[in-house]
Amino acid sequence: MLSHLKAHLSGKVIILGIGNTLRSDDGAGSILANRIKDKVSFKVFDSGPTPENYLEKIIKENPDNILILDAADFGGSPGEYRVIEADELRTVNFFSTHNASITLTINYLKSSIKADIIILIIQPKTIVFSDILSEEVSKTLDFLEGWLDAADKKEG
């Protein structure tokens, strides 16, 4: 799974973190984006819950690859993660509080630029109103932060 992700971390890469940090684990994508922003050579945007506000910035960058980070309920164990291609989005059964906006975001980007788009989804434990992550998701973010940093260093 991570080798598949690694293959998309070449050329000009943009990472887009999506999430609402006021809804517990739902903020995972945004939190991870902020953690790696100053550690990796990739351009990193934290869109919060509104990725559509970053479309023109991403298009202007004209990346080769886009990695979207988001929390989504795909029926896995809390903290479990999956890497899916944007084209698989329709065939994967998952629920994100950003489903509509992530689909619109991907469709708009695909119609505007030729970048490959991959999504790293993290299974939340809870999305209640709170700014505290579950232990499971927190551990996953620690791991992914280190992995992305190391993967970038091997690229450079």
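Here the structure is a predicted model, which means the values were calculated and not measured. Counting from 1, residues in each chain are numbered in the order their sequence is written. A pLDDT threshold of at least 70 governs which residues receive local features in this predicted model, and a stricter bar of 80 or more applies before side-chain atom pairs are shown or counted, although totals over entire chains, interfaces and linings include all residues. Note that water and hydrogens are dropped before the side-chain values are worked out from all heavy atoms of the structure.

*Asks:* Talk me through the side chain of Gln-123; I want residue IDs and the actual numbers.
*Replies:* Along the polypeptide, Gln-123 turns up in the loop between strand S5 (116–122) and helix H5 (135–155). On the basis of relative accessibility, which here comes to 4%, the residue Gln-123 falls in the buried class. Whenever a nitrogen or oxygen atom comes within 3.5 Å of another N or O atom, the pair is scored as a polar contact, on the condition that within protein one atom can donate a hydrogen and the other can accept it, and that pairs from neighbouring residues in sequence are kept only if both atoms are in side chains. A distance of 3.1 Å separates a polar atom in the side chain of Gln-123 from a polar atom in the side chain of Asp-73. A polar contact is formed between the side chain of Gln-123 and the backbone nitrogen of Gly-75, at a distance of 3.1 Å. Runs of H or I in DSSP of at least four residues are treated as helices and runs of E of at least two as strands, each being numbered from the N terminus. Burial here depends on accessible area, computed with a 1.4 Å probe over protein chains only, as a share of the maximum for the residue type. Under 20% is buried, over 50% is exposed, and the range in between is partly exposed.

*Asks:* Could you give an account of the pairing of S5, naming the residues involved and the relevant values?
*Replies:* Of all seven residues making up S5, six are buried, and the element is well covered by its neighbours. Only when DSSP finds a minimum of two bridges between them are two strands counted as paired. Here seven bridges tie strand S3 (residues 65–71) to S5, and the two strands are oriented parallel to one another. Bridge pairing links Asp-70 to Ile-121 in S5. Bridge analysis of strand S4 (residues 81–85) against S5 gives five bridges, and the strand direction is antiparallel. Paired with Ile-84 across the strands is Ile-119, a residue of S5.

*Asks:* With reference to specific residues and values, describe the sheet that holds S3.
*Replies:* Within the open sheet, the five strands sit side by side as S2-S1-S3-S5-S4. Their pairing is mixed. The open sheet terminates on both sides in strands that have one partner only, identified here as strand S2 (43–46) and S4. Mean inter-strand twist for the sheet, computed between neighbouring axes without regard to direction, equals 20°. Set on the sheet, helix H2 (residues 28–36) makes contact with strand S1 (13–17), S2, S3 and S5; between it and S2 the angle comes to about 140°. Between the N-to-C directions of two axes lies an angle of 0 to 180 degrees, each axis being a line fitted to C-alpha atoms and, for a helix, fitted only over the stretch in contact. Residue contacts are defined here by distance: any two heavy atoms, one from each residue, within 4.5 Å place the two residues in contact.

*Asks:* Please set out the nonpolar core residue by residue, giving values where relevant.
*Replies:* We call a set of buried residues a nonpolar core when its members are Ala, Val, Leu, Ile, Met, Phe, Trp, Tyr or Cys and they connect through side-chain atoms within 4.5 Å of each other. Counting 28 residues, the largest nonpolar core has Leu-5, Leu-9, Ile-15, Leu-67, Leu-120 and Leu-141 as its most contacted members. The set of elements that each furnish at least two residues to this core consists of helix H1 (2–7), S1, H2, S3, S4, S5 and H5. Contacts of Leu-120, omitting those with residues within four sequence positions, involve Leu-5, Leu-67, Ile-68, Leu-69, Asp-70, Tyr-81, Arg-82, Val-83 and Leu-144. Listed in part, the 22 residues of the second largest apolar core include Tyr-54, Ile-59, Ala-115 and Ile-121.

*Asks:* For the pattern of salt bridges, give the residues involved together with the corresponding values.
*Replies:* A pairing counts as a salt bridge when a side-chain nitrogen of Lys or Arg comes within 4 Å of a carboxyl oxygen of Asp or Glu. The full count for this structure, using the stated rule, is nine salt bridges. Across the pair Glu-61 and Lys-12 runs a salt bridge whose closest N-O atoms are separated by 3.4 Å. Highlighted residues: Glu-61 in helix H3 (residues 55–61) and Lys-12 in the loop between H1 and S1, separated in sequence by 49 residues. Its relative accessible area of 38% is what places Lys-12 among the partly exposed residues. With a closest N to O distance of 3.9 Å, Glu-80 and Arg-82 form a salt bridge.

*Asks:* Could you give me a rundown of H2, with the residues and numbers involved?
*Replies:* Burial analysis of H2 places seven of its nine residues in the buried class, which makes it a mostly covered element. Restricting attention to buried positions, one finds in H2 the residues Ala-28, Gly-29, Ser-30, Ile-31, Leu-32, Ala-33 and Ile-36.

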